[in-house]
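# A look at the structure
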Amino acid sequence: MGPPEPEQRFEELYLAHYPAIATYVRRRSGSPDDIADVIAETFTTAWRRLNDVPEGDGARLWLYGVARRTLANHFRGEERRAALAVRLREEITTWVNPVTGAESAYEAFKRLSDDDRELLALVAWEGLGGAEIAKVLGCSRGAARLRLHRARKRLAKELTRLDPDLTRSGQRAAVPAKGRS
């Protein structure tokens, strides 16, 4: 008889060594989801590299090595995701809590309708002009200009209502930038 078929060999490998590998991973990870992911990845690697898996007890040791590296990769990924989450939280905090001098303007902006905020953001944040805004909104240039004019007037009104000292900024906001309409 020749060597067993790959499916049969893998099944035998899995049945013989799953309990040991599962215990190894469980002792090193606390989350049931992480445990399942690492075990699955370990045996996926074994399937992909079935010809590299030694025979006999060497297979268990080889699988321990794969599980060890898979756990290390998993933990590194978790650390990267945690660091990214911290960075994003810090960045979002600066968005939610803008600098003191702009708080009134930000409050006025937040009070506008979603459509007005989007329209003003397209101009201020994305730097789009009237023709580009018309394409984004799917309307004519004239309609885009009119919507922008009205959004700026509503922003100026909100600015005046929140902080009379910002009246001049509000009036400036209501005047379209040259070459943008």
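Residues numbered from 1 in each chain as written. Predicted model: local features only at pLDDT ≥ 70, side-chain atom pairs only at ≥ 80, totals over all residues. Heavy atoms only, no water.

## Observations regarding the overall build of the chain
- Counting secondary structure elements, the chain contains eight helices and zero strands.
- Traced from its N-terminal end to its C-terminal end, the chain shows the element sequence α-α-α-α-α-α-α-α.
- If you take every contact in the chain between residues at least 6 apart in sequence, the share linking residues at least 24 apart comes to 60%.
- Roughly 12,300 Å² of accessible area belongs to the chain as shown, and the carbon and sulfur atoms make up 53% of that amount. (Helix = DSSP H or I, 4+ residues; strand = E, 2+ residues; numbered from the N terminus. Contact = heavy atoms within 4.5 Å. Areas by Shrake-Rupley, 256 points an atom, 1.4 Å probe, with all protein chains shown as cover.)

## Observations concerning the nonpolar core
- In this structure, Leu13, Val25 and Leu63 are the most contacted members of the largest nonpolar core, which totals 19 residues.
- Among the secondary structure elements, those contributing two or more residues to this core are helix H1 (6-26), helix H2 (32-48) and helix H3 (57-96).
- Sequence-distant contacts of Val25, that is, excluding residues within four places in its chain, are made with Ile35, Val38, Ile39, Ala67 and Leu71.
- Residues Ala108, Leu119, Ala134 and Leu159 belong to the second largest nonpolar core, which totals 16 residues. (Core = buried A, V, L, I, M, F, W, Y, C linked by side-chain atoms within 4.5 Å. Buried < 20%, exposed > 50% of the residue type's maximum accessible area, 1.4 Å probe, protein only.)

## Some remarks on the side chain of Asp34
- Tracing the sequence through the fold places Asp34 in helix H2.
- When neighbours within four sequence positions are excluded, Asp34 is seen to be in contact with Ser29, His74 and Glu78.

## Looking at the packing of aromatic side chains
- A full pass over the atoms with the stated rule returns eight aromatic pairs.
- With centroids separated by 6.1 Å and ring planes inclined at 35°, the aromatic side chains of Phe10 and Tyr14 adopt a geometry described as tilted. In this pair, Phe10 and Tyr14 are both assigned in helix H1, four residues apart and thus about one turn of the helix distant.
- Owing to a relative accessible area of 32%, Tyr14 belongs among the partly exposed residues under this scheme.
- Relative to Tyr64, the ring of Tyr24 has its centre 5.1 Å away and its plane inclined at 35°; by these criteria the two rings are tilted. Here Tyr64 lies in helix H3 and Tyr24 lies in helix H1, a separation of 40 residues in the sequence.
- Residue classification places Tyr64 among the partly exposed positions, given a relative accessible area of 23%.
- By the ring-pair criterion, three or more aromatic residues cluster together here, those being Phe10, Tyr14, Tyr18, Phe43 and Trp47.
- One residue, Arg28, lies across the ring of Tyr24, its end atom 3.7 Å from the ring centre. (Phe/Tyr/Trp six-rings, centres within 6.5 Å; stacked < 30°, edge-to-face > 60°. Lys NZ or Arg CZ within 6 Å of the ring centre and 35° of its normal.)

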